[in-house]
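Letter by letter, the chains look like this.
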Amino acid sequence: MTALALTKNGNYLMHGKQYSPATIIAALSPLLTESRRTKLDHVLSHRSNHCIPVMESIHDVGNINAVMRSAEIFGFSRLANIPSQKFKKSSRVTSGADKWVDMETYQDPDSCYESLKKRGYTICATALRSDAVPFNQLDLTKPRAFVFGNEKHGVSKRTLELVDECTIIPTVGFTESFNISVAAAVVMSKMRDFVEANGEQYLLPKAEQEAIKARQLLLQFKYKTVIQHLADSPSV
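Quantities reported herein were computed from a predicted structural model and do not represent experimental measurements. (Residues numbered from 1 in each chain as written. Predicted model: local features only at pLDDT ≥ 70, side-chain atom pairs only at ≥ 80, totals over all residues. Heavy atoms only, no water.)

Caption draft 1: Spatial organisation of unusual backbone geometry. In this structure, H15 takes a positive phi of about 55° despite not being glycine. Here H15 shows up in the loop between β2 (12-14) and β3 (17-19). Given a relative accessible area of 62%, H15 falls into the exposed group. Of note, the phi angle at S57 is positive, near 55°, even though the residue is not glycine. S57 gets classed as partly exposed once you look at its relative accessible area, which sits at 26%. (Helix = DSSP H or I, 4+ residues; strand = E, 2+ residues; numbered from the N terminus. Buried < 20%, exposed > 50% of the residue type's maximum accessible area, 1.4 Å probe, protein only.)

As structure tokens, then:
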């Protein structure tokens, strides 16, 4: 990755000068092949933050990687993680999804849900409870953070005290629940269908798409190449 510092206002700092995402795109985008530029623009045009998966105390790192991969595949650009104190190593990989998805890490459920609620998210735990609303009955116009709990115990008691609602994925078999990574994939698939069916209001604003594009371009090239192509570009 190119060693440029990201400033609070969203610009990149290099050698005492700040460059906007638009400037970086103008300088580096021509270095991509036409097919790569088309693919990048297509992917970004479908990105959304309408759904954020939250992983609470997940033991198997492979499940975390799988959820991240599903988030990228279904076009959701962020996820949140409340880490477990113990991890089980895994050979399963993200297949590059970690370059496309921003992971927010929190120390506890309280700080996680407080942050998400301030940004307008309804906190929805996936839990087998008598008051849980079947997923197909949720009002999906609300931006939601879906909480997926520990492989053995599910979401914590503290999470159940803090969330706005609980949901279940309807099933017709003898088995009551999904593996955490499968449950997350099912939920994100359904949220993707909703986003696609209901227009641009649920997609990332153009400014956020531009910021992601600039970051991805910086990931593509060596620092020396970036310096050369930004040398004659206007700084902020």
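Caption draft 2: Just the environment of L4, in detail. Within the element layout of this structure, L4 appears in the segment before β1 (5-6). Owing to a relative accessible area of 10%, L4 belongs among the buried residues under this scheme. The spacing of L4 and Y19 is 15 residues in sequence and 9.8 Å in space, taken between C-alpha atoms.

Caption draft 3: Structural detail: the sheet that holds strand β6 (residues 102-105). Read across the open sheet, the seven strands follow the order β6-β5-β4-β9-β7-β10-β8; overall the sheet is parallel. Edge strands, defined here as strands with exactly one partner in the open sheet, are β6 and β8 (133-134). Alignment of strand β7 (residues 122-126) against strand β9 (residues 144-148), held across four bridges, turns out to be parallel. Bridge pairing in β9 links T122 to R144. Its contacts with the sheet place helix α6 (residues 180-197) against β4 (51-56) and β9, and it is angled at close to 165° to β9. (Pairing = 2+ DSSP bridges. Contact = heavy atoms within 4.5 Å. Axes fitted to C-alpha atoms, helices over the stretch in contact; angles between N-to-C directions.)

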